[in-house]
Structure formats: C-alpha cells, structure tokens
Amino acid sequence: LSHLQLNALQAQLESKQFEFHSDTLQVRTNAQLQAPGTQLQLQGHISPDEGEGQAKLQLQSASAMLAWLQRLPGMTNSLQGAKLEGTADANVQWQGGWAKLQQRLQQPAIKPVASGLRLDATVRSDGLQWTPAGSDAAVSRIEQLNLKLNGSPEQMQATLATQLRHGAQRITLDTHLQGGLLRSR
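Rules behind the numbers
Residues numbered from 1 in each chain as written. Predicted model: local features only at pLDDT ≥ 70, side-chain atom pairs only at ≥ 80, totals over all residues. Heavy atoms only, no water. Buried < 20%, exposed > 50% of the residue type's maximum accessible area, 1.4 Å probe, protein only. Helix = DSSP H or I, 4+ residues; strand = E, 2+ residues; numbered from the N terminus. Arc of directions from axis to C-beta. Contact = heavy atoms within 4.5 Å. Pairing = 2+ DSSP bridges.

Colleague: Explain helix α1 (residues 62-71) here, please?
Modeller: Because an α-helix completes one turn every 3.6 residues, residues spaced three or four positions apart along the sequence face the same direction. Along α1, the positions that sit buried rather than exposed are Ala62, Met65, Leu66 and Trp68. Looking straight down α1, one finds that the buried residues subtend no more than 160° of arc, so they occupy a single side. Next to the buried residues of α1 lie β2 (11-21), β3 (26-35), β4 (38-46), β5 (51-59), β6 (83-95) and β7 (118-131).

Below, the structure written as structure tokens:
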C-alpha cells in the first residue's frame, strides 16, 4: 500500500507506506497512530534476516487514553473505577532480523550463534499515578522514571533510575544491570 488512512473509534491511523512480503516475511512501514491521550510513530523494516527502524510512543495523558480504551467494545468497566494519570515517552530503535534469535530460543541444544539483533530503548516519565478503586486504597506514584536498554540478546545493558511512592512508603532505585544469553556451552 502506498497510502492508508483509517479513522475509527476516535483514533486515526495513517501509513505513507506499508509493505508485507509473504515470501520473505519482511514488513516495511512508515505509520502514525493517534488516539486520545497518545501518539505512536513507527518507521522501518524488519525481516528474519535484517531490519532497521524506530518506534516512538508519547503518552500525553494517561487518563484520556484510559477513558478512550474503556469506551471500546468489551472494555467498559474494565478498571472498575481505578485511575491512571500522568505522562510517559518511549523510544525503541532496532537493527537486525529475528531468525537467529528465534532459532536459538526454539532449539537451545544447538551451538549458540550470535543473533545479529541490536536494540536501543528508553522509557521516561516525570510522573504516573495509579489510584485503585475504593476510598481506602493507597495511591501508587512513579515520580520519576528513566529506563534505558541497549545491546543485543547476547549482551544487554539496562539502566534504571526511578522514584516510587506507595502511600507513605517511598523507594528510590538507581541501578545498572548487564546480562544476556549464553555465548557458548
């Protein structure tokens, strides 16, 4: 498809390009989705052997997004009065295909082969608040969140800095983790 525009249920999907090759399982797109309180941009391609692209998610209003989701068929009263408020952003960039990783996960007994897949992702928020239903429920709040992931499935690094509050309890985390799939047996 060279151009797709879809408006339904207060959401708009626009794709300036969408290709799917059934013989190679390659997907290529340049698309944007807008719904109340949120926006998603996706650009790139991926196939079993190669890929490159990025996705950006902006949660501009968690309460507007949840109110919209609850108006969708089958979602009415799904939160039973609970609320989510705040904003967040996520950004993901990838390089490489998924075939070698899929093979490795499906056949762990064979000699490991590097996947060739690389991922760089960030999630950031300056405030998200969850209020469960009920008058005596304690509010949970993420006052700050910075999560970064980068690397390959064989060697992934994660950095997390966050401040959480649940009722009167407060937690501050600032950590760096490194891990990945075994390179040899």
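From this point, things continue past the structure.
Colleague: For this particular structure, what's the right way to read the pairing of β5?
Modeller: Successive side chains on a regular strand alternate, one facing one side of the sheet and the next facing the other. Pairing between β4 and β5: nine bridges, direction antiparallel. Across the sheet, residue Thr38 finds its bridge partner in β5, namely Leu59. Connecting β4 to the antiparallel partner β5 that follows it, the hairpin turn spans four residues. Two strands pair when backbone bridges link them, and β5 and β6 are joined in this way by eight bridges, in the antiparallel orientation. Its bridge partner lying in β6, Leu57 is registered against Ala90.

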